[in-house]
Amino acid sequence: MSASWPPDVDMLDVIGDWLYSQRWFPGSVGDSVRLVANLDLSALSGPTDTHPDDVDVLEPVWISIIEVGETFIQVPLAYTDVKPDYGVVAQVRDAWIVDGAYSPAFLRAWLRKAHATGTLYPIDPTRADEVLDELLSHVEQSQVLTGEQSNTSVLFDCQYACVLKILRVLHAGDHPELEITTALAHAGWKHIAAPIAYLEERLSVPELSRSPVLLGIAGSLVRGARDGFDLFVDLASRDEDPAPLARELGAVTAGLHQHLAQALGTFDAPTPEALHTRLLVNLAASAAEVPQLRESVLIERLESVIDRIQHLDELPATIRIHGDYHLGQTLYGEGGWFILDFEGEPLRPLSERSKPDLALRDVAGMLRSFDYAAAKGSASSWWVNSARSAFIAGYTNDGGFGEVEDELIRALEIEKTAYEAVYEYRLRPDWISIPLSALDRLAH
């Protein structure tokens with residue numbers, strides 16, 4: 001017999017302490033937190049052999065939409081009279097409220113909802129029934145992946161092995177993760193986790209109601225994979241030459257940009273004046289927030305480097321880009337390098353993340369990531385220079401960058417590093433010396 005949610009219990013009061021303890025929760029004590037909607041999926045939660053009229057085996061499962069300041073998050077939940085080993089949020093009466101990512105009942109409901117809305121196996125919808133049956137049969141063996149994530153990921157290891165990413169922060173509009181991975185999969189590019197399923201919903205929340213909201217997306221599992229950042233940190237810790245892997249990653253990155261341009265088009269180049277203004281505005285915004293940057297003598301020197309952009313004659317065309325490109329967004333496994341997580345920089349609005357930009361912005365992001373790997377692995381300057389040079393060689397097919405690209409890369413690295421300073425100041429203050437040291441180098 002399944003538990004029934006007590007009608008007189010304030011759900012937000014019950015989960016409040018748990019919310020504040022979650023890394024993905026964007027609020028802090030004192031922020032306004034308000035429950036604005038619930039999406040009930042209970043009718044889809046039963047075991048695979050459930051008879052339609054057998055409501056006793058259905059567990060209450062739902063998605064709560066919670067407003068935190070000006071941000072909206074989704075919190076998938078389940079209520080069960082069987083205490084699970086993991087994912088318990090709180091005990092209520094004689095049952096437990098559980099994080100939906102850990103609940104087989106919730107995951108069954110999520111998959112069936114995606115199937116009902118035609119978003120299961122979008123690359124080949126004729127196989128949707130087969131994929132649904134396979135994933136449902138492995139729900140009980142699914143695993144929540146741990147680690148530093150702003151979302152929650154659930155692994156299904158089966159014939160259609162995939163990782164379901166439950167998005168925590170919600171945005172209305174076309175989501176770049178779905179748009180880009182679908183376009184690249186249809187183009188036949190093999191270096192991404194092709195979408196297995198996704199779930200969009202129109203929510204009865206005024207700020208989110210203008211278009212469907214992406215709630216989650218499942219990408220195919222990369223077998224035998226190793227996280228790119230961990231891989232390079234390991235090389236750095238042993239001062240082992242990173243050039244072969246960095247060069248290969250550079251070539252794959254060039255392929256990414258070529259396929260993005262082919263699949264989603266090219267767009268007008270920014271004027272040097274417009275790019276110059278953007279870079280200065282972003283640098284000033286970072287300096288205004290980060291005391292160590294605001295109070296340093298670096299800003300004037302960094303502005304001088306950016307000023308060189310004004311004198312460039314012509315900039316490259318723009319394309320859709322990754323937008324938050326670093327080693328942590330890559331996997332190295334069977335088939336070489338794979339690129340993940342096309343959401344863009346999480347501190348930027350969704351509309352801004354979807355705008356075309358210079359492909360070199362992704363290149364600058366990856367060059368910065370080698371610096372982070374070197375810092376964590378305590379590598380020498382030789383190691384960093386080897387990784388950077390090899391990546392650029394792979395990206396340019398040994399042609400190297402010209403004068404315009406060199407100036408752009410340096411200015412875009414400044415923009416990315418200043419963004420990193422804000423991120424570290426807010427979330428990882430122990431790491432802030434990494435971007436500050438890089439800004440000092442870039443200023444000379």
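Residues numbered from 1 in each chain as written. Predicted model: local features only at pLDDT ≥ 70, side-chain atom pairs only at ≥ 80, totals over all residues. Heavy atoms only, no water.

A word on the overall build of the chain
Within the chain, the secondary structure is distributed over 14 helices and 15 strands. Computed over its C-alpha atoms, the radius of gyration of the chain comes to 23 Å, within 12% of the 22 Å expected for a compact globule of 444 residues. Taken over the C-alpha atoms alone, the chain extends approximately 70 × 50 × 45 Å along its principal axes. Buried residues in the chain amount to 54% of all 444 residues. (Helix = DSSP H or I, 4+ residues; strand = E, 2+ residues; numbered from the N terminus. Rg over C-alpha atoms; globule rule 2.2 N^0.38 Å. Buried < 20%, exposed > 50% of the residue type's maximum accessible area, 1.4 Å probe, protein only.)

Points about the packing of helix α9 (residues 298-307) against helix α14 (residues 433-442)
Packing of α9 against α14 leaves a shortest axis separation of 9 Å and a crossing angle of 55°. Judged by the inter-axis angle, α9 sits oblique to α14. The crossing of α9 and α14 is left-handed. On the side of α9, the interface is formed by L298, L302 and V305, while α14 contributes L436, L439, D440 and L442. Split into classes, the residues belonging to the contact of α9 with α14 amount to six nonpolar, no polar and one charged. (Axes fitted to C-alpha atoms, helices over the stretch in contact; angles between N-to-C directions. Parallel < 35°, antiparallel > 145°, perpendicular 65-115°, else oblique. Left-handed = near helix turned anticlockwise from the far one by under 90°. Contact = heavy atoms within 4.5 Å. Nonpolar A, V, L, I, M, F, W, Y, C, P; charged D, E, K, R; others polar.)

Quick notes on the environment of D307
Tracing the backbone through its elements, the reader meets D307 in helix α9. The class for D307 is partly exposed, based on a relative accessible area of 30%. Separated by 28 residues in sequence, D307 and L279 place their C-alpha atoms 9.4 Å apart. Those residues in contact with D307, other than ones at most four positions away along the chain, are H276 and L280.

Considerations on the nonpolar core
With 72 residues, the main nonpolar core has F232, F370, W383, F391 and L408 as its most contacted residues. Of all the elements, helix α11 (residues 359-377) adds the most residues to this core, at 10 residues. Dropping the residues within four chain positions of it, L408 is found in contact with L275, I309, L312, L315, P316, L358 and L360. Counting residues in hydrophobic clusters, the runner-up holds 43 residues, among them A37, V61, A114 and F156. (Core = buried A, V, L, I, M, F, W, Y, C linked by side-chain atoms within 4.5 Å.)

Regarding the sheet that holds strand β8 (residues 162-166)
The five strands lie next to each other as β6-β7-β8-β10-β9, forming an open sheet whose pairing is antiparallel. Edge positions in the sheet fall to β6 (143-145) and β9 (195-201), since each of these pairs with one other strand and no more. For this sheet the average axis-to-axis angle between neighbouring strands, irrespective of direction, equals 25°. Here strand β7 (residues 152-156) pairs with β8 via five bridges, running antiparallel. Bridge pairing links V154 to L164 in β8. Taken strand by strand, helix α4 (residues 176-186) contacts β8, β9 and β10 (213-220), and its axis lies near 145° from that of β9. (Pairing = 2+ DSSP bridges.)

Regarding the packing of aromatic side chains
What describes a pair of aromatic rings is the distance from one ring centre to the other and the angle between the planes of the rings. Evaluation of the coordinates by the stated rule reveals 11 aromatic pairs. Arranged with centres 5.7 Å apart and planes meeting at 70°, the rings of W18 and W24 form a pair that is edge-to-face. Residues W18 and W24 agree in their burial class; the two are buried. The interplanar angle of 65° and the centroid separation of 5.3 Å between the aromatic rings of F232 and F370 together place this pair among those described as edge-to-face. Taken together, the residues span a long stretch of sequence, with F232 in helix α5 (residues 228-237) and F370 in helix α11 at a distance of 138 residues. Taken individually, F232 and F370 each receive the classification buried, so the pair is uniform in this respect. Members of the aromatic cluster, each reached through a chain of ring pairs, are F232, Y332, W337, F370, W383, F391, Y395 and F401. Over the face of the ring belonging to W24 we find R168, whose NZ or CZ atom lies 3.9 Å from the ring centre. (Phe/Tyr/Trp six-rings, centres within 6.5 Å; stacked < 30°, edge-to-face > 60°. Lys NZ or Arg CZ within 6 Å of the ring centre and 35° of its normal.)

Focus on the environment of F370
Judged by its relative accessible area of 0%, F370 falls in the buried class. Along the primary structure F370 and L327 are separated by 43 residues, whereas in three dimensions their C-alpha atoms are 7.6 Å apart. Dropping the residues within four chain positions of it, F370 is found in contact with F232, A246, L327, W383, A387, R388 and F391.

A word on helix α12 (residues 381-395)
Helix length check: α12, at 15 residues, gives a terminal C-alpha distance of 21 Å against a target of 21 Å (1.5 Å per residue), a fit within 8%. When we look at burial in α12, the residues that qualify are W383, V384, S386, A387, R388, A390, F391, A393, G394 and Y395. Here the buried face of α12 lies against α5, α6 (243-264), α11, α13 (403-427) and α14. Within two residues after α12, N397 carries a phi angle of roughly 55°, on the positive side. (Expected span 1.5 Å × (residues − 1).)

Description of the pattern of salt bridges
Overall, the coordinates contain 23 salt bridges when judged by the stated rule. Note that E201 and K113 form a salt bridge whose closest N and O atoms lie 4.0 Å from each other. With E201 in strand β9 and K113 in helix α2 (residues 104-116), this pair connects stretches of sequence that are 88 residues apart. Residue D357 pairs with R278 through a salt bridge whose shortest N-O separation is 3.0 Å. In this pair, D357 sits in the loop between α10 (350-353) and α11 while R278 sits in helix α7 (residues 272-289), placing the two residues 79 residues apart along the sequence. On the basis of relative accessible area, R278 is assigned to the partly exposed category, the value being 26%. Within this structure, K165, E177, D341 and E343 form a network of salt bridges that share partners. (Salt bridge = Lys/Arg side-chain N within 4 Å of Asp/Glu carboxyl O.)

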